[in-house]
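Now for the letters of each chain:
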Amino acid sequence: MARYNAQVTSAAALAADTAFAALVPAAAVACKLRRVTLGISVSSGAITSQQVVVAINRGTARGTATTTVTGQRLDPRSPASGITGLDTVWSAAPTLAAADAFRVAFNSQSGVDLPWELMEEFLSDVGTANPLVFVNRVTALPANHSLVLAVEYEE
């Protein structure tokens, strides 16, 4: 299986319970999430210290994407990614499942690196109705703060 990565920076002052990215499988290509790296960036000034909770939700519909980031090959000999991409802006947000599949909490002045390797599997099945949606939970971000997300996936 080939590996790819994509990264995105959320809008500033992201409200609580707001989706900011969705890894969307294609009609005929599934993917396994292999690594998620999260942090906070600021456009100016110092980072405000606060707890941040980001959820990964197994969405039930893609939503209407207006901005999508294409995955980049980690091995230049691999074929282009068959995944639809990492949606980052929508005119209609993705539909979320009733419960999050995974949540991680971290301090805004640090970051988090989550690997899913070997026995750990985080699969997004074939079809655009199966996105893995990244959602800011619990607290809104301060005015000049944004979430930075990097995903590595295998297809």
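Scroll up for the structure.
Residues numbered from 1 in each chain as written. Predicted model: local features only at pLDDT ≥ 70, side-chain atom pairs only at ≥ 80, totals over all residues. Heavy atoms only, no water.

Caption draft 1: A look at the sheet that holds strand β8 (residues 102-107). Read across the open sheet, the six strands follow the order β5-β7-β2-β11-β4-β8; overall the sheet is antiparallel. The open sheet has two free edges, formed respectively by β5 (64-69) and β8, since each of these has just one partner strand. When the angles between neighbouring strand axes are averaged without regard to direction, this sheet yields 30 degrees. (Pairing = 2+ DSSP bridges. Helix = DSSP H or I, 4+ residues; strand = E, 2+ residues; numbered from the N terminus. Axes fitted to C-alpha atoms, helices over the stretch in contact; angles between N-to-C directions.)

Caption draft 2: Structural context of the environment of A80. Note that A80 resides in the loop between β6 (72-73) and β7 (85-92). Discounting chain neighbours no more than four positions away, the residues touching A80 are Y4, R73 and E155. (Contact = heavy atoms within 4.5 Å.)

Caption draft 3: How the structure looks around the side chain of D100. Within the secondary structure, D100 is located in the loop between β7 and β8. Of note is the side chain of D100, whose polar atom sits 2.9 Å from the side chain of N57. A polar atom in the side chain of D100 sits 2.8 Å from the side chain of R103. (Polar contact = N/O pair within 3.5 Å; in protein donor to acceptor, adjacent residues only side chain to side chain.)

Caption draft 4: Representation of the pattern of salt bridges. Applying the stated rule across the entire model yields twelve salt bridges. Between R34 and E121 there is a salt bridge; the shortest N-O distance is 3.7 Å. Here E121 lies in the loop between β9 (111-115) and β10 (123-124) and R34 lies in strand β3 (residues 31-42), a separation of 87 residues in the sequence. (Salt bridge = Lys/Arg side-chain N within 4 Å of Asp/Glu carboxyl O.)

Caption draft 5: A look at unusual backbone geometry. A positive phi angle, close to 55 degrees, is found at A13, a residue other than glycine. Take A13: it is sitting in the loop between β1 (3-9) and β2 (18-24). Look at D17: it is not a glycine, yet its phi comes out positive at around 60 degrees.

Caption draft 6: Local environment of the nonpolar core. Counting residues in each nonpolar core, the largest one holds 31 residues, and the members touching the most others are L33 and V36. Where this core is concerned, the elements lending two or more residues are β1, β2, β3, β4 (51-58), β8, β9, β11 (132-137) and β12 (145-154). The biggest single contributor to this core is β3, with five residues. Those residues in contact with V36 that lie beyond four places of it in its chain are I56, V112, D113, L114, W116, F134, L149, A150 and V151. Of all hydrophobic cores here, the second largest spans seven residues; its members include A19, V24, W90 and V135. (Core = buried A, V, L, I, M, F, W, Y, C linked by side-chain atoms within 4.5 Å. Buried < 20%, exposed > 50% of the residue type's maximum accessible area, 1.4 Å probe, protein only.)

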